[in-house]
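Tertiary structure, described
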Amino acid sequence: MLQAVRQNAFTIVAPLTLSAETIECLERALLDIDPVLTKSPRLQFTDFDELHYCALILVTGPKAPYLVFEGNIDGEVETFLRRIADPKGLWHTQLETIYQCCQGYGGPLAEYLLRHDQGAGTWYVAFRGRSAVEIRKEDELRREIESFLDRNAVVTAGLTPPEVRALIQHAMRQLGHETWARNAPRKPFLVRYGRFVGPALAIFLAVALLPVTLALLVAVGLALLRVRQLERRDSVKEVQWQTEPIKDSEVREDRTFQNHMCSVTEIKSGWLRPLVLRTSLTVVGLAHRFWFNRGDLGGIPTIHFARWIIPAGRRQLVFLSNFDGSWERYLGDFIEQASVGLNSIWANTEGYPRTQYLVNGGADDEERFKAFARNSMRRTRVWYSAYRDLSVGNLADNAKLREGLFEDLSPDEVDHWLRLL
Amino acid sequence: MGPYPESEVQGLLLSSYRRWRFATYLFLRLQTSDKKSVHRWLARMVARTTFGEASYEKRRDAKLNIAITATGLSALGVSDAALETFAPAFREGMTSERRKRILGDDDESAPPWNWGQGEQHVDFVLLLFHKTEAGHSEQVDAELREAESADLRLVYRVPLQALPSSKTEMHEPFGFADGISQPVFDGLTDAEGIGEETARLHRVEVGEFILGYKNAYGEETSIPRLSDSRDADPFGKNGSYLVLRQLQQDIAGFWNYFRAEASRSKGALEVERLAAKAMGRWRNGSPISEYPDGPGPHHADAPRENDFSFARVDPRGDRCPLGAHIRRANPRDSFPGERETILEQVNHHRLLRRGRAYGERIEDATHFADDHGERGLMFACLNGNIERQFEFVHHSWCNNPNFRDLQGEVDPVIGSQPSGGGSHSLQHWPLRQKLSGIQRFITVRGGAYFFLPGRAGLIQLASLHQA
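Here's a quick rundown of the structure.

The rules behind these values
- All residue numbers refer to position in the chain's written sequence, counted from 1.
- Starting at A for chains and at 1 for ligands, labels are handed out in the order in which the entities are written.
- With the structure being a predicted model, the display of local features is reserved for residues of pLDDT at least 70 and the display and counting of side-chain atom pairs for 80 or more, all residues being used for whole-chain, interface and lining totals.
- To obtain the side-chain values, all non-hydrogen atoms of the structure were used and water was disregarded.
- At least two DSSP bridges between two strands are required for those strands to pair.
- Numbering of helices and strands runs from the N terminus; a helix is a DSSP stretch of H or I covering at least four residues, while a strand is a stretch of E covering at least two.
- To get an axis, a line is fitted to the C-alpha atoms, and for a helix only the part in contact is used. The angle between two axes follows their N-to-C directions and goes from 0 to 180 degrees.
- A contact between two residues is defined here by any heavy atoms of the two lying within 4.5 Å.
- Whether a residue is buried, partly exposed or exposed follows from its accessible area with a 1.4 Å probe, protein chains only, as a fraction of its type maximum: under 20%, in between, or over 50%, in that order.
- Buried area counts how much accessible surface, traced with a 1.4 Å probe, disappears from two parts once they are put together, with both parts' losses summed.
- Salt bridges, as used here, are contacts in which a Lys or Arg side-chain nitrogen is within 4 Å of a carboxyl oxygen on Asp or Glu.
- Pairing of N or O atoms within 3.5 Å defines a polar contact, subject to two protein rules: one partner must be a possible hydrogen donor and the other a possible acceptor, and residues neighboring in sequence count only if both atoms are side-chain atoms.
- When residue character is reported, Ala, Val, Leu, Ile, Met, Phe, Trp, Tyr, Cys and Pro are called nonpolar, Asp, Glu, Lys and Arg charged, and the others, Gly included, polar.
- Note on terminology: angles under 35 degrees are roughly parallel, angles over 145 are roughly antiparallel, angles of 65 to 115 are roughly perpendicular, and the others are oblique.
- The hand of a helix crossing depends on one turn: near helix anticlockwise from the far one by less than a right angle means left-handed, and clockwise means right-handed.
- What the arc describes is the spread of directions from the helix axis to the C-beta atoms.
- Cavity and pocket criteria rest on a 1 Å grid covering protein atoms alone: a 1.4 Å probe that fits but cannot get out defines a cavity, protein on both sides within 12 Å along at least 5 of 7 lines defines an open pocket, and an atom within 4 Å of a point defines a lining residue.
- Grid points are joined across faces, edges and corners, and a volume is the space filled by probe spheres set on the points.

**A look at the sheet that holds strand β1 (residues 7-15) of chain A**
All names here are of chain A. Within the open sheet, the four strands sit side by side as β1-β3-β2-β10. Their pairing is antiparallel. Whereas interior strands pair on both sides, the edge strands pair on one side only; in this sheet they are β1 and β10 (380-385). When strand polarity is set aside, the average angle formed by the axes of neighbouring strands in this sheet is 5°. By the bridge criterion, five bridges tie strand β2 (residues 51-59) to β10 in an arrangement that is antiparallel. The partner of Cys54 across the bridge, within β10, is Tyr384. Each of β2, β3 (66-74) and β10 is contacted by helix α5 (residues 132-151), which is oriented at about 115° to β2, the strand it contacts most.

Written out as structure tokens, the structure reads:
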């Protein structure tokens, strides 16, 4: 079996000077780069097979502004960044035009990018180990099967499930898909066994290091009591929809089925809040690695790639997400499925609806929560998705369709397999 | 009894005026700088507006409800700061680029419209209902005279089809029984003595429809205000957001499509069944998930038939396809998961529907030859949160190409189909069937977001400049 590919992420944070010229310079450089529009965008994202998603966001505000260039890729970050920064390559000129607007830019481009990369932060991936190439090929396979069935509806009528499947197998074999379909990459270890390994490891460590565990519990308890004190002092804000940022970010939404979201919030003052935030992010990260690694994050089934990052030297939390469907549904899922996780993260930032003991309240205050989220958004200037019409569920179904195509299946499994179509 | 004072709430929230069979909607616009006359018109309007369902109201032959758009509020002098207290979608209006994308109002459905946009934008809508035809025409004339005297321009007028006088069901122009599935909340007569299952499926909090009360999240919805002063009663209390959309229906196109598909299948599928597979109900309103073999009892004879749900009898969509219209517009317990939780979440997106058909009535929609007359549904719904209710249903369910992880298909009845024609999967053992080449059967001809104020709100509006 093929070894699964290793995905990686980069977040290049380039500082900007706080001046109108800088912003103008960038506006000009970013103008017209729009992979959603079909008319020749200046950056050809499709040139890079290993690219899942990437986005460029200009974060302005009262504090020193910066440019975020984030991407989710297959393989090593350095290899990718060197490829896009290759002076003979297609992207070099465009990227240079962009980075020349940034503070302290001096070539070579590749070194600059690598120097400013802050990694993946706390990173969520719906399907670890699945490359963009495999995802797109599986989508193609589905389309071919579907169109074969549509053309042969009369032939398949009245056949038994194994007969229908045999017809499909035959057709796909003729198209030369068999070898590829049979060689699905192996799922990463933690995706297969994380749900056993994770809890077992946690229990083992907790027992083996009992004094540490107890000390940690006491620390968490004390921290929560202190957090509760701070919470009582938080003010309750009227629901304020700031028109401009909302329009700015919404304008680009929903041009494709998938969407991108960038939220920037200010971390509350004091030493405790940043500590609680980092702890919560670590817990969320571990929960993802060991448990939520099969297409949903705490019950939210619509996120392909997401990350939280605290840019070095700033008291800001940046959240970047590539998700399915509407923002309204995404935020609704947040509230209904994952409010505990959300609260423990964003309650440490300014303007979040009031929580009790970090995890209660907060996102339950639907209107305030959505206004908070909207107001924290920054417009995504450039966004690319390698498979923008596919949902997380589609990706899962397509993988099962491919894996089951030539596998030995029981009659029940054949029924289930045909249901994927 | 509900938690709200009935006499403060416009009647449309509590009743669809089934017995007030004749109706006309008048879309009006302010065109004078002399706002005094408009305020006088509004002040007199308070007495004519129908509130609550008090016994004296029930005897009245005429009903009138009034609602205002964001441009109307601006024109009356409401400040931008005050407008910010209204829902973003309302403020923005239905025809911004963003809203058009959410609602799928592109291609033929894109403006220009009969009303609601550009030159045809509207400030007010008057919803007029009457028990008798003669009385109704007098009522409309009188309101037009009043509006004219206040220098309001009539932008557009939509006469609605008279409802059938008998107890038979309302049918929408494609010929399907319509308006069956409605949420219930405290204070409605429908809410009295409902069974446990009905409550589970259809009961929602008052605040989902009337502002100022607890909503589905157990929170009080924020209430819009007309001024910055925090002392004054908020304008929006006991009000609601009203969504109106004039949807032209291609009746001949709809039935011709299913006839063609039926004949293509060489008799394997009948026309009526295919149309029911798209709608999710037979024409008489009986759900296809309960009656897979043929129409069940007529909805009017078996009103409890609306307590059906999908998870138990039809989890995979073999009877009612996962992407059928009613399974998108109100999925009930259709999503995978724990049933109670799913129902609770789905009920965060309910609409109080008040639609009526417009255009000349057709006796047999299934064999209608197109006469190029304009017919369709004047869609109307009330909700406390436009984004989470009306727009969500439209965008995240009906027009969502990957709803339930189907791939690239939208609502077969009301969806914004791609120009090359869309598809609709009919789940089936052992293999799905697929309808393709589905055209848009519905074209938007007008629309706007309105605010339907309560009594105190309407009075505040009328006295806006006397203070």
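Moving on, there is more to tell.
**Concerning the environment of Leu95(A)**
Residue and element names in this part refer to chain A. Examined against the element boundaries, Leu95 turns out to sit in helix α3 (residues 92-99). By relative accessible area, Leu95 is classed as buried at 1%. Leu95 sits 52 residues away from Leu43 along the chain, and the two C-alpha atoms are 8.8 Å apart. When near neighbours in sequence (up to four residues on either side) are disregarded, Leu95 contacts Phe69, Ile84 and Leu109.

**A word on the interface of chain B and chain A**
Each partner contributes to the interface: chain B provides 38 residues, whereas chain A provides 45 residues. Between chain B and chain A, roughly 3,400 Å² of surface is buried when both sides are summed, and carbon and sulfur atoms account for 44% of that area. For Arg432(B), the salt bridge goes to Glu146(A), with nearest N and O atoms at 2.6 Å. On the surface where chain B and chain A come into contact, there are 20 residue pairs in polar contact (both at pLDDT 80 or more). The element contributing the most residues to the side of chain B that touches chain A is helix α13 (residues 387-398) of chain B, with five residues. Looking at the side of chain B that touches chain A, its residues break down into nine nonpolar, 13 polar and 16 charged.

**Here's the deal with the packing of helix α9 (residues 251-264) of chain B against helix α10 (residues 271-279) of chain B**
Residue and element names in this part refer to chain B. Close contact between α9 and α10 brings their axes to 8 Å; oriented N to C, the two are set at 120°. The orientation of α9 relative to α10 falls into the category oblique. Viewed along their axes, α9 and α10 form a crossing whose handedness is right-handed. Within the contact between the two elements, α9 uses Phe254, Trp255, Phe258, Arg259, Glu261 and Ala262 and α10 uses Val271, Leu274, Ala275 and Ala278.

**So, the pattern of salt bridges**
One pass over the full model with this rule turns up 52 salt bridges over all chains. Between Lys268(A) and Asp234(A) there is a salt bridge, with its nearest N and O atoms 3.0 Å apart. Taken as a pair, Lys268(A) in the loop between β5 (258-266) and α12 (272-290) and Asp234(A) in the loop between α10 (210-233) and α11 (243-250) lie far apart in primary sequence, 34 residues in all. With a relative accessible area of 9%, Lys268(A) lands in the buried category. The class for Asp234(A) is partly exposed, based on a relative accessible area of 21%. Salt bridges here are not isolated pairs; linked through shared partners, they connect Glu196(B), Glu197(B), Arg200(B), Asp333(B), Arg339(B) and Glu340(B).

**Details of the pairing of β3(A)**
Residue and element names in this part refer to chain A. Burial analysis of β3 places nine of its nine residues in the buried class, which makes it a mostly covered element. Because side chains alternate across β3, one face comprises the buried residues Tyr66, Val68, Glu70, Asn72 and Asp74, and the other comprises Leu67, Phe69, Gly71 and Ile73, equally buried. The pairing of β1 with β3 spans nine bridges and is classified as antiparallel. Looking at β3, one finds that Phe10 is bridged to Gly71. As defined by bridge partners, β2 adjoins β3 across eight bridges and the pair is classed as antiparallel. Residue pairing in the sheet places Cys54 in a bridge with Gly71 of β3.

**Concerning helix α12 (residues 339-346) of chain B**
Within α12(B), the full set of buried residues consists of Ile342(B), Leu343(B), Gln345(B) and Val346(B). Seen end-on, α12(B) carries its buried residues on one side only, within an arc spanning 165°. Those residues of α12(B) that are buried are in contact with α13 (327-346) of chain A together with α8 (196-202) and α13 of chain B.

**Remarks on empty space enclosed by the protein**
Residues and elements named next belong to chain A. Going through the model one piece at a time under the given rule, you end up with five cavities of 30 Å³ or more. Of the pockets and cavities examined, the largest cavity occupies roughly 170 Å³. Lining of the largest cavity is provided by 17 residues; of these, Arg252, Glu253, His260, Thr380 and Trp383 occupy positions nearest its centre. If you list the elements that add at least two residues to the lining of the largest cavity, you get β5 and β10. The element contributing the most residues to the lining of the largest cavity is β10, with four residues. For the lining of the largest cavity, the residue count by class is four nonpolar, six polar and seven charged. One number sums up the size of the second largest cavity: a volume of about 70 Å³.

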